[in-house]
Each structure stands twice: as C-alpha cells, then as structure tokens.
Amino acid sequence: MPSGGPAAKTARTEIRAIVDDKGHAVENARRAVDRLDAAFADGSLLRTPALGAMLGDLMVALEQDDGQKLGGKSAEAARFILRAVSRELDNA
C-alpha cells in the first residue's frame with residue numbers, strides 16, 4: 001500500500017520537480033537520490049522493490065572514478081531511470 005498523507009505528497013512533488021528540472025541529468029539524478037533517501041529515512045515514502053531496483057541501476061549509472069566526468073551514456077541512463085522512478089512514486 002502506498003504512503004499517504006501530506007509528507008508523502010510533498011516528497012513526491014519535490015522528487016518529480018527534480019526529475020523535471022532543466023539542469024544536467026546526472027546532477028538531477030544525484031539530487032533525486034538524496035531526496036528519495038531522505039523520504040525513505042523519515043518514513044514519508046516506502047521503498048518499493050521496484051524503486052530499490054531502479055535506484056540500484058541509477059547508482060551504477062552515476063558511478064565514476066576520481067576526476068572522471070559523467071555525460072553521454074550516463075546522462076541518458078539517468079534520464080531514462082528517473083522517468084521510471086517518477087512513474088513508480090505513486091506506489092511508494
């Protein structure tokens with residue numbers, strides 16, 4: 001059963017705003033992960049198995065070595081996964 005109440009609604013709205021932001025996809029993804037982690041930690045959203053898998057995939061896409069810049073395929077993967085995260089939020 002999805003989370004309810006004002007805290008869940010606020011978390012969903014804020015995460016979707018980050019996903020839709022016009023900034024760089026990799027930075028948006030990092031911000032979205034931070035906001036999702038905060039929502040899971042404070043109990044406003046529940047970590048569904050699907051969200052857990054998506055976040056795992058997203059972390060692989062965001063992984064980088066020291067000094068390495070992410071772009072191209074990482075940015076495209078981040079955009080794709082963030083769209084899926086946005087759809088799954090109603091179940092969290």
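Everything that follows concerns the structure shown earlier in this document.
Since the model is a prediction, treat every value here as computed from it, not as a measurement.

Rules used in this analysis
- Each chain carries its own residue numbering, running from 1 in the written order of its sequence.
- Since the coordinates come from a predicted model, pLDDT governs what is reported: local features require at least 70, and pairs of side-chain atoms require 80 or more to be given and counted, while whole-chain, interface and lining totals use all residues.
- Only hydrogens and water are set aside; all other atoms, that is, all heavy atoms of the structure, feed into the side-chain values.
- Residues grouped as a nonpolar core are buried Ala, Val, Leu, Ile, Met, Phe, Trp, Tyr and Cys residues, joined through side-chain atoms within 4.5 Å.
- When a residue's accessible area, from a 1.4 Å probe over protein chains only, is under 20% of the maximum for its type it is buried; when over 50% it is exposed; and in between it is partly exposed.
- Think of it this way: any DSSP run of H or I at least four residues long counts as a helix, any run of E at least two long counts as a strand, and we number them from the N terminus.
- Inter-axis angles, ranging from 0 to 180 degrees, are taken between N-to-C directions of lines fitted to C-alpha atoms, where helices are fitted over the stretch in contact.
- Note that the term roughly parallel is reserved for angles under 35 degrees, roughly antiparallel for angles over 145, roughly perpendicular for angles of 65 to 115, and oblique for everything else.
- Handedness of a crossing is defined here by the sense of rotation of the near helix relative to the far one, left-handed for an anticlockwise turn of less than a right angle and right-handed for a clockwise turn.
- By definition, residues are in contact when any of their heavy atoms lie within 4.5 Å.
- Put simply, Ala, Val, Leu, Ile, Met, Phe, Trp, Tyr, Cys and Pro go in the nonpolar bin, Asp, Glu, Lys and Arg in the charged bin, and everything else, Gly too, in the polar bin.

A. A look at the nonpolar core. Counting residues in each nonpolar core, the largest one holds 27 residues, and the members touching the most others are Leu36, Leu45 and Leu58. At the level of secondary structure, the elements contributing two or more residues to this core comprise helix H1 (6-20), helix H2 (25-41), helix H3 (49-62) and helix H4 (73-88). It is H2 that contributes the most residues to this core, eight residues altogether.

B. Spotlight on the packing of H3 against H4. Put simply, H3 and H4 touch, their axes get as near as 9 Å, and they point 165° apart. Our classification of the angle between H3 and H4 gives roughly antiparallel. As for how H3 packs across H4, the hand of that crossing is left-handed. On the side of H3, the interface is formed by Ala50, Leu51, Met54, Asp57, Leu58 and Ala61, while H4 contributes Ser74, Ala77, Ala78, Ile81, Leu82, Ala84, Val85 and Glu88. Across the contact of H3 with H4, the residue classes break down as 11 nonpolar, one polar and two charged.

Function cannot be read off these values alone, since they describe shape.
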